[in-house]
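Letter by letter, the chains look like this.
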Amino acid sequence: MNQHYPFVNPPLPYAYDALEPYIDTKTMQLHHDRHLQTYVNNLNGTLKDHPELQGWSLEELIYNTDQLPEGVRQPIRNNAGGVYNHIFYFNGMSNSPTRAQTGMLYSAIVKDFGSAQKFYDDFKSKALSVFGSGYAWLVVDRNGKLQIITSANQDNPIAQNLCPIAGIDVWEHAYYLKHYNERVAYIDDWFQVVDWERADRIYQRCIANLQA
Ligand code: MN
């Protein structure tokens with residue numbers, strides 16, 4: 001991910017068809033090449049006239065919204081979030097995800113949710129509860145505890161001082177071509193391709209940053 005303006009759309013870390021049959025090729029092409037590209041273009045378009053913001057990272061743009069000039073606050077919130085969230089979502093999936101029921105994250109999931117099944121059920125019902133566009137996230141809060149939260153549109157947990165570990169885009173463009181209106185089937189399929197090894201690495205980084 002670029003550190004600052006001009007932002008670029010990084011290629012997917014796998015082929016467009018890598019997540020078949022769970023996430024279909026056409027959806028991945030449109031979602032990455034058109035939807036994410038539009039957020040990148042719009043963000044660069046907004047920052048073009050604001051040299052004072054061109055050194056800011058995506059995280060800084062998302063975290064410090066109140067320091068942004070009022071006229072560009074909302075477009076930056078939408079588009080910096082759109083870039084960050086989509087890259088995070090795409091990078092969080094893999095065509096060879098590990099199912100290892102080990103690692104620090106797995107232990108924390110069992111500790112904070114009761115069991116892996118309970119976590120799965122909670123996450124699914126939260127992801128189903130998002131009305132319209134948005135995301136469901138597994139995050140670490142300031143006390144190091146795991147939480148499942150949702151966000152509207154392209155808002156991101158880091159704006160609320162939460163550290164995202166895994167996230168699913170539940171806007172219909174993420175699944176409509178294959179799953180039609182069946183968000184629940186899409187969530188089940190997403191769980192088949194989540195890269196939990198990566199999530200575990202991110203979790204450990206979130207915890208380390210809290211202790212730093
Ligand atoms: Mn999307």
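As the structure is a computational prediction, the values presented were derived from the model and not from experiment.

**Some details on the coordination of the manganese ion**
Move 1: Around the manganese ion, the donor atoms from the protein are His31 (NE2), His86 (NE2), Asp169 (OD) and His173 (NE2), and they sit 1.9 to 2.2 Å away.
Move 2: On the accessibility criterion, His31 (1% relative accessible area) is buried.
Move 3: For Asp169, a relative accessible area of 0% puts it in the buried group.

**What to know about the layout of surface pockets**
Move 1: Its volume calculated, the largest pocket comes out at about 640 Å³.
Move 2: If you go around the largest pocket, you meet 26 residues; those closest to its centre are Tyr84, Ile158, Cys163, Pro164 and Asn209.
Move 3: Put simply, the parts of the chain that give the lining of the largest pocket at least two residues each are helix 2 (58–63), helix 3 (70–91), strand 3 (163–169) and helix 8 (196–211).
Move 4: By residue number, the principal contributor to the lining of the largest pocket is helix 8, which donates seven residues.
Move 5: Its residues assigned to classes, the lining of the largest pocket shows 14 nonpolar, six polar and six charged.

**With respect to empty space enclosed by the protein**
Move 1: Applying the stated rule across the entire model yields two cavities of 30 Å³ or more.
Move 2: Taken as a whole, the largest cavity spans an internal volume of roughly 60 Å³.
Move 3: Phe88, Tyr89, Gly92, Met93, Ile165, Ala166, Gly167, Trp190, Val194, Asp195, Arg198 and Ala199 together form the lining of the largest cavity.
Move 4: Mapped by element, the contributors of at least two residues to the lining of the largest cavity are helix 3, strand 3 and helix 8.
Move 5: At three residues, the largest contribution of residues to the lining of the largest cavity is made by strand 3.
Move 6: Grouping the amino acids of the lining of the largest cavity by side-chain chemistry returns eight nonpolar, two polar and two charged.
Move 7: The volume enclosed by the second largest cavity comes to roughly 40 Å³.

**Description of the domain arrangement of the chain**
Interface size is often expressed as the accessible area that is lost when the parts come together.
Move 1: Examined at the domain level, the chain breaks down into domain 1 (25–91) and domain 2 (103–211).
Move 2: Taken over C-alpha atoms, the centre of domain 1 sits 20 Å from the centre of domain 2.
Move 3: Taken together, the contact pairs 19 residues of domain 1 with 23 residues of domain 2.
Move 4: Broken down residue by residue, the surface that domain 1 buries against domain 2 is led by Asn85, Phe88 and Tyr89, which jointly contribute 35%.
Move 5: At the surface where domain 1 touches domain 2, the tally comes to one salt bridge.
Move 6: Its salt-bridge partner being Asp155, residue Arg77 comes within 2.9 Å of it at the nearest N-O pair.
Move 7: Put simply, domain 1 and domain 2 have 13 residue pairs in polar contact (both at pLDDT 80 or more) between them.
Move 8: Taken together, the elements giving at least two residues each to the side of domain 1 that touches domain 2 come down to helix 1 (25–47), helix 2 and helix 3.

Analysis parameters
- Residues numbered from 1 in each chain as written.
- Predicted model: local features only at pLDDT ≥ 70, side-chain atom pairs only at ≥ 80, totals over all residues.
- Heavy atoms only, no water.
- Donors = N, O, S within 2.8 Å, 3.2 Å for Na, K, Ca; no water.
- Buried < 20%, exposed > 50% of the residue type's maximum accessible area, 1.4 Å probe, protein only.
- 1 Å grid on protein atoms, 1.4 Å probe; cavity = no way out; pocket = protein on both sides within 12 Å on 5 of 7 lines; lining within 4 Å.
- Points joined across faces, edges and corners; volume = space filled by probe spheres on them.
- Helix = DSSP H or I, 4+ residues; strand = E, 2+ residues; numbered from the N terminus.
- Nonpolar A, V, L, I, M, F, W, Y, C, P; charged D, E, K, R; others polar.
- Domains from an automatic or database assignment.
- Contact = heavy atoms within 4.5 Å.
- Buried area = accessible area lost by both parts, 1.4 Å probe.
- Salt bridge = Lys/Arg side-chain N within 4 Å of Asp/Glu carboxyl O.
- Polar contact = N/O pair within 3.5 Å; in protein donor to acceptor, adjacent residues only side chain to side chain.

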